[in-house]
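# Observations on the model geometry
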Amino acid sequence: MDPPIPTRPHAISLPNVLTYARIAAVPALVACLMLVEGDAGRWAAFWLFVGAAITDWLDGYLARRLEQQSTLGRMLDPIADKLIVGAALIMLVHDRTIDGVSMWAAIVILCREILVSGLREFLAELKVTVHVTALAKWKTAAQMVALAVLIAGPAGDRIIPGITAFGIGLLWLAAVLTLWTGYDYLKAGIRHAMEG
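Residues numbered from 1 in each chain as written. Predicted model: local features only at pLDDT ≥ 70, side-chain atom pairs only at ≥ 80, totals over all residues. Heavy atoms only, no water.

Along the polypeptide, Lys82 turns up in helix H3 (residues 71-94). By relative accessible area, Lys82 is classed as partly exposed at 22%. Setting aside residues up to four positions removed in sequence, Lys82 forms contacts with Glu113, Ser117 and Arg120. (Helix = DSSP H or I, 4+ residues; strand = E, 2+ residues; numbered from the N terminus. Buried < 20%, exposed > 50% of the residue type's maximum accessible area, 1.4 Å probe, protein only. Contact = heavy atoms within 4.5 Å.)

Spelled out as structure tokens, the structure:
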């Protein structure tokens, strides 16, 4: 009997294609919010962001289910997340959906994402893994829902009054969870840096 042909994940596996789509959604999201006027631009950006958030979960699920986990996917997945979150935050500050003191919540989230990226890279060189906690998953969920709601913004307020205020509240919750969960990475990074 012939030995089974090994199936190796590659650049065009379904999970990786979904990650590419999430990256491609970034300029499309920005274009919707900058170039398409009124509610149409808001709703187009909203559905793009929701689609990107769904593929964030789906690509990891499919990679495990189809046994198509790859180094490329592990590298690109967190990059795609940070690109879409960063672009959404910048655009929401730009159009003043996030304004005043609430900009601090956006700054906390952006700074944490950059900090954690650097710490992950540093810890990876030391072969140290910091596992994703349940709280970190709740942070991501709160962040994604908050951003989706805020992208709908004024268009959403016309359907459900006060939805933007709800989104701002969720953004602050995400910012608090961001600080809390980022501490695990910072603690591990400082500990290993001091040991070196």
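On to the packing of helix H1 (residues 14-35) against H3, then. Packed helix pairs are specified by the crossing angle of their axes together with the interaxial distance, meaning the distance between the axes. One can describe the packing of H1 onto H3 by two numbers: an axis separation of 9 Å at closest approach and a directional angle of 10°. As judged from the angle between their axes, H1 and H3 are roughly parallel. The way H1 lies across H3 gives a crossing that is left-handed. On H3, the residues that touch Asn16, Thr19, Tyr20, Arg22, Ile23, Ala25, Val26, Leu29, Val30, Leu33 and Met34 of H1 are Leu72, Gly73, Leu76, Asp77, Ala80, Asp81, Leu83, Ile84, Ala87, Ala88 and Met91. Across the contact of H1 with H3, the residue classes tally to 16 nonpolar, three polar and three charged. (Axes fitted to C-alpha atoms, helices over the stretch in contact; angles between N-to-C directions. Parallel < 35°, antiparallel > 145°, perpendicular 65-115°, else oblique. Left-handed = near helix turned anticlockwise from the far one by under 90°. Nonpolar A, V, L, I, M, F, W, Y, C, P; charged D, E, K, R; others polar.)

Over its 22 residues, H1 extends 31 Å from the first C-alpha to the last, a length consistent with the 32 Å expected when each residue adds 1.5 Å. The largest bend in H1 amounts to roughly 30° and is located at Val26, with the proline Pro27 lying one to four residues further along. Burial in H1 covers these residues: Pro15, Asn16, Leu18, Thr19, Arg22, Ala25, Val26, Leu29, Cys32 and Leu33. Against helix H2 (38-65), H3 and helix H5 (134-157) lie the buried residues of H1. (Expected span 1.5 Å × (residues − 1). Bend = angle between axes of the 7 residues up to and from the residue.)

Turning next to the confidence of the model for the protein. Averaged over every residue, the pLDDT of the protein is 86; residues scoring 70 or more account for 89%. Here helix H4 (residues 103-125) is the element of the protein with the lowest mean pLDDT, 84, and H5 is the one with the highest, 93. When the criterion is pLDDT under 50, residues 1-9 qualifies, and its contacts beyond four places in sequence or with other chains add up to four contacts. (pLDDT = per-residue confidence, 0-100.)

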